[in-house]
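Fold and geometry: a report
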Amino acid sequence: MSFDEEWSQVRSQTAAMRLNSVPAEGGGGGGGASDYKVTSADLKAIGNEAQELFHWFERDAFHAGAQTGTAAKSLDGDGFLTGSAMWTMWDTWRDQAEALLSACAHIHNHLEDTVISHTNHEEVLVTNFSMSEIDKHFT
């Protein structure tokens, strides 16, 4: 089976798949109750993992840069085409590494903001509920 045939088969099998595999009531859109649940602690843990990956990768991703530059310059000076290939490889690696670092920072920051926002929203709900209970006694 060719890649295109296999890819087409996989796409057709997953076309009707839903994240929340609960059947819709009445055959329409939407669905029943979801069993998918994420807590603030889950989000915070994922954000912390992204931050840890960021720091680890930031420390280790670029340590060979100076040596790569020295080697590429030496090879270029000696007339080898490998020198320019090393520059190209290094530029590609640096661009990809910076994109990964940016993605990790974005994930961490987004999840941290989500946890804070959720906490603030919960506080508002609790406060509003408390105020409605108090108001019942004065009306």
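See the structure printed just above.
Parameters and conventions
- Residues numbered from 1 in each chain as written.
- Predicted model: local features only at pLDDT ≥ 70, side-chain atom pairs only at ≥ 80, totals over all residues.
- Heavy atoms only, no water.
- Helix = DSSP H or I, 4+ residues; strand = E, 2+ residues; numbered from the N terminus.
- Contact = heavy atoms within 4.5 Å.
- Expected span 1.5 Å × (residues − 1).
- Buried < 20%, exposed > 50% of the residue type's maximum accessible area, 1.4 Å probe, protein only.
- Arc of directions from axis to C-beta.
- Patch = residues over 30% accessible without salt bridge, like charges linked within 9 Å, V, L, I, M, F, W, Y side chains within 5 Å.
- Areas by Shrake-Rupley, 256 points an atom, 1.4 Å probe, with all protein chains shown as cover.
- Salt bridge = Lys/Arg side-chain N within 4 Å of Asp/Glu carboxyl O.
- Polar contact = N/O pair within 3.5 Å; in protein donor to acceptor, adjacent residues only side chain to side chain.
- Core = buried A, V, L, I, M, F, W, Y, C linked by side-chain atoms within 4.5 Å.

**Regarding the environment of Leu75**
Note on placement: Leu75 falls in helix α3 (residues 65-77). Put simply, Leu75 and Met86 are 11 residues apart on the chain and 9.1 Å apart in space, counted from C-alpha to C-alpha. Look past the residues within four positions of Leu75 in its chain and what remains in contact with it is Phe80, Thr82, Gly83 and Met86.

**Description of helix α2 (residues 40-60)**
Compared with the 30 Å implied by 1.5 Å per residue over 21 residues, the 30 Å span of α2 between its first and last C-alpha is a close match. Of all the positions in α2, only Leu43, Gly47, Ala50, Phe54 and Phe57 are classed as buried. Buried positions in α2, seen along its axis, are confined to an arc of 95° and lie on one side of it. Facing away from the buried side of α2 by over 90 degrees, the exposed positions are Ala41, Lys44, Glu49, Glu52 and Arg59.

**Quick look at a nonpolar patch on the surface**
A cluster of nonpolar residues, Phe3, Trp7 and Val10, forms a patch on the protein surface that exposes about 350 Å² of accessible area. Counting through the fold element by element, Val10 comes out in helix α1 (residues 3-14).

**Observations concerning the side chain of His108**
In this structure, His108 sits in helix α4 (residues 82-138). Of the residues examined, His108 reaches a relative accessible area of 10% and is grouped as buried. A polar side-chain atom of His108 sits 3.2 Å from a polar atom in the side chain of Asn109. For His108, the contacting residues outside a window of four places in its chain are Gly47, Asn48, Ala50 and Gln51.

**So, the nonpolar core**
Phe54, Phe57, Ala61, Ala97, Leu101 and Cys104 form the largest nonpolar core, which has 6 residues in total. Going through the elements one at a time, α2 and α4 are the ones with two or more residues in this core. Among the elements that make up this core, the one with the highest residue count is α4 (3 residues). Among all residues touching Ala61, those that are not within four sequence positions of it are Trp90, Trp93 and Ala97.

This is a description of form; function is not addressed.
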